[in-house]
Each structure stands twice: as C-alpha cells, then as structure tokens.
Amino acid sequence: EIILSAENIFKSYTSENQNKIDVLKDVSLSIQINKINLIIGASGAGKSTLLHILSGLDNPDSGKVFFKDENIFMMNENKLTNFRNKHIGFVFQFHHLLPEFTALENVAIPIMISGKSLTKAKDKAKEILDIVGLNDRLNNKPSELSGGEAQRVAVARALANNPDIIFADEPTGNLDSFNSEIIHKLFFEIRDKFNTTFLIVSHNPELIKLGEIIFEMKDGKILNQHGVENE
Ligand code: ADP
Ligand code: ADP
C-alpha cells in the first residue's frame, strides 16, 4: 500500500553563472506504507532536493506529489501546514536541537505548538524520550548530550506529533557505527510500535541493509527499485 507518491517530478536550478542544472529529471516513485524506504545515491544525485519536494518544503518545476491520494501542491496553505506539522516528521544529519532548551523541552515544544497544554506536552515528551532510551537525560541540554544521544532526542522530536511519515536525511551521517546501529534499531522499533513509514536518504551504501524498499538514484533519476512486491 502506498502512502506517498511522486509523479514525473522535474526540478532545475540556475547557477550563479546562469547555467541551468537539471537536478530532478522525471522522477516518479511510490513510498510504501509501514516500511523503511531508502533512497541511496552519490552526493549530488538530487536526494535532498527530492526529499524537500516530497515533504512539501520545496516546489517542483512540474510534477505531482500525492499524500494518501491528495496532491500536496493543490492543498491550501492551512492544509499544507497541517500536513507538515501533523503528518510528517524530520530527522537531519545534524540534530538541530535548540541549544538553550533541555531534551524534554526540545520534544515538548512542537507538541505545544500543535495545540497541547504544557503538562500534556511534557507528559507526551517524557513518554517518547523513554522509548528512545533517554529517560535519564530529560533535563540535559544538547551540549550535555553525546552525539548519539542528541540524535535520539532529534528522533523523539520527529515523533512528537505522531507523524505518518518520518523523513530522514543522512540521519546517521555524523555518528560512529555503534551509535548509527542504535538509531537504525530505533527506526525499526518505532515502525513496529507506531506503524510509522520511514523515508531515509543516504549516500552511504552500508545503509542498504536497512532498507526494505530501496530506490537507487543517480544524476537526478531513479535507476532501480528493489523490494517492492508486485501487487
Ligand atoms: P544530494 O542530496 O543527492 O547530495 P542535492 O539534492 O543536495 O543532492 O543536490 C543536487 C544538485 O542540485 C547539486 O548539484 C546541487 O549543487 C544542486 N542544488 C541543490 N540545491 C540547490 C540550490 N538551492 N541552488 C542551486 N543548486 C542547488
Ligand atoms: P488514538 O488513535 O486512540 O488516540 P494513538 O494511536 O494516537 O491513539 O496513541 C496511542 C498512544 O501512543 C498515545 O500515548 C500516543 O501519544 C502514542 N503514539 C501513537 N503514535 C505515536 C507516534 N507515531 N509517535 C509517538 N507516540 C505515538
């Protein structure tokens, strides 16, 4: 079953010396619900650009993106905001936590922004931080956490509003193999517990072992796709 799909996405940028760079050249793909979907490809292949378009952060020059049968680029501003805040979560290569806030607060803030009370937001944040194994780090600020711990807080924050899909751009690109392993296991745990769909992007071929559905990307195109059952 498909939760998110892209149809015929084209995107180009004009460089400073006015050269047109075609970054995405007719990309179509379907993200399978409840699976760890992986886009793998060399640096510069267009993976981040595709991720931004699939998540509604950036517009394509042409093409469509459907979230559960609805074209996200046809949504009005409110609906698109709702899609971004409630249906998707993000994990980046660097944790991007707010440095002046504790782990608990970093996770609670997006819950409050979505309309919950402080008490409810903190309770929920505690619950999620417990899942990522950090119930002893609630009151620590990012500078007091290890790289692996900070990234686990970032995963917790991505989960804050029960997203359907978590987008992760090189989520373990800054971690050693021990901590990468912890994060990867966490993705599977979260998927199993909450039925979250993952879309992970990486240039690291080692991550292939992680993907249940794998898209190989090169020079702005999807070359290959593995793991999709024929339906
Ligand atoms: P990947 O994530 O696979 O490394 P990107 O999507 O980041 O690839 O980039 C693909 C190509 O698009 C690169 O050549 C990059 O320089 C170019 N690019 C990405 N974003 C911009 C931008 N905002 N302006 C100009 N060129 C860009
Ligand atoms: P219901 O649909 O009955 O309201 P939910 O499935 O939304 O229940 O939530 C059940 C519990 O699991 C709640 O405590 C909720 O906060 C938590 N939960 C559900 N999905 C997620 C998720 N993706 N991330 C974090 N917590 C979640």
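Counting of residues starts from 1 at the beginning of each chain's written sequence and follows it residue by residue. For this description, chains carry letters from A and ligands carry numbers from 1, given in the order in which they are written. Where local features are concerned, this predicted model is filtered to residues with pLDDT of at least 70; where side-chain atom pairs are given and counted, the filter is 80 or more; whole-chain, interface and lining totals use all residues. The side-chain quantities take in all heavy atoms of the structure and omit both hydrogens and water.

A. Seen up close, the site of ligand 1. We call a residue near a molecule or strand whenever a single non-hydrogen atom of that residue lies within 4 Å of it. All residues in the neighbourhood of ligand 1 are listed as Tyr13, Val23, Ala42, Ser43, Gly44, Ala45, Gly46, Lys47, Ser48 and Thr49. A 3.5 Å cut-off defines polar contacts: any pair of N or O atoms within that distance qualifies, except that in protein one atom must be a possible hydrogen donor and the other a possible acceptor, and neighbouring residues in sequence count only when both atoms are side-chain atoms. Taking serine 48, its main chain carries an N or O atom lying 2.8 Å from an oxygen atom of ligand 1. Contact distances for ligand 1 include 2.6 Å between an oxygen atom and a side-chain N or O atom of threonine 49. Protein burial of ligand 1: of its 560 Å² of free accessible surface, 59% is covered by the chains. With three residues, the top contributor of residues to the shell around ligand 1 is helix α1 (residues 47-54). Amino acids are sorted into nonpolar (Ala, Val, Leu, Ile, Met, Phe, Trp, Tyr, Cys and Pro), charged (Asp, Glu, Lys and Arg) and polar (every other residue, Gly among them). Classifying every residue of the shell around ligand 1 gives four nonpolar, five polar and one charged. Only the protein chains shown count as cover for residues, and the accessible areas themselves come from Shrake-Rupley with a 1.4 Å probe. We count a stretch as a helix when DSSP gives it H or I for four or more residues in a row; a strand needs E for two or more, and each element gets its number in order from the N terminus.

B. Structural view of the packing of aromatic side chains. Two rings from Phe, Tyr or Trp (for Trp, the six-membered ring) form a pair when their centres are within 6.5 Å of each other. A pair whose planes differ by under 30 degrees is stacked, one over 60 is edge-to-face, and the rest are tilted. Counted according to the given criterion, the structure contains four aromatic pairs. With 4.9 Å between their ring centres and 55 degrees between their planes, phenylalanine 67 and phenylalanine 83 make a pair best called tilted. Placement of the pair is phenylalanine 67 in strand β4 (residues 62-67) and phenylalanine 83 in helix α2 (residues 77-87), with a sequence separation of 16 residues. Categorising residues by exposure relies on relative accessible area from a 1.4 Å probe, with only protein chains included: less than 20% of the type maximum marks a residue as buried, more than 50% marks it as exposed, and the intermediate range marks it as partly exposed. Look at phenylalanine 83 and you get buried, because its relative accessible area is 1%. Ring centres of phenylalanine 90 and phenylalanine 167 lie 5.4 Å apart, and the angle between their planes is 25 degrees; on these two criteria the pair is classed as stacked. Taken together, the positions of phenylalanine 90 in strand β6 (residues 88-91) and phenylalanine 167 in strand β7 (residues 165-169) put the pair 77 residues apart, joining distant regions of the chain.

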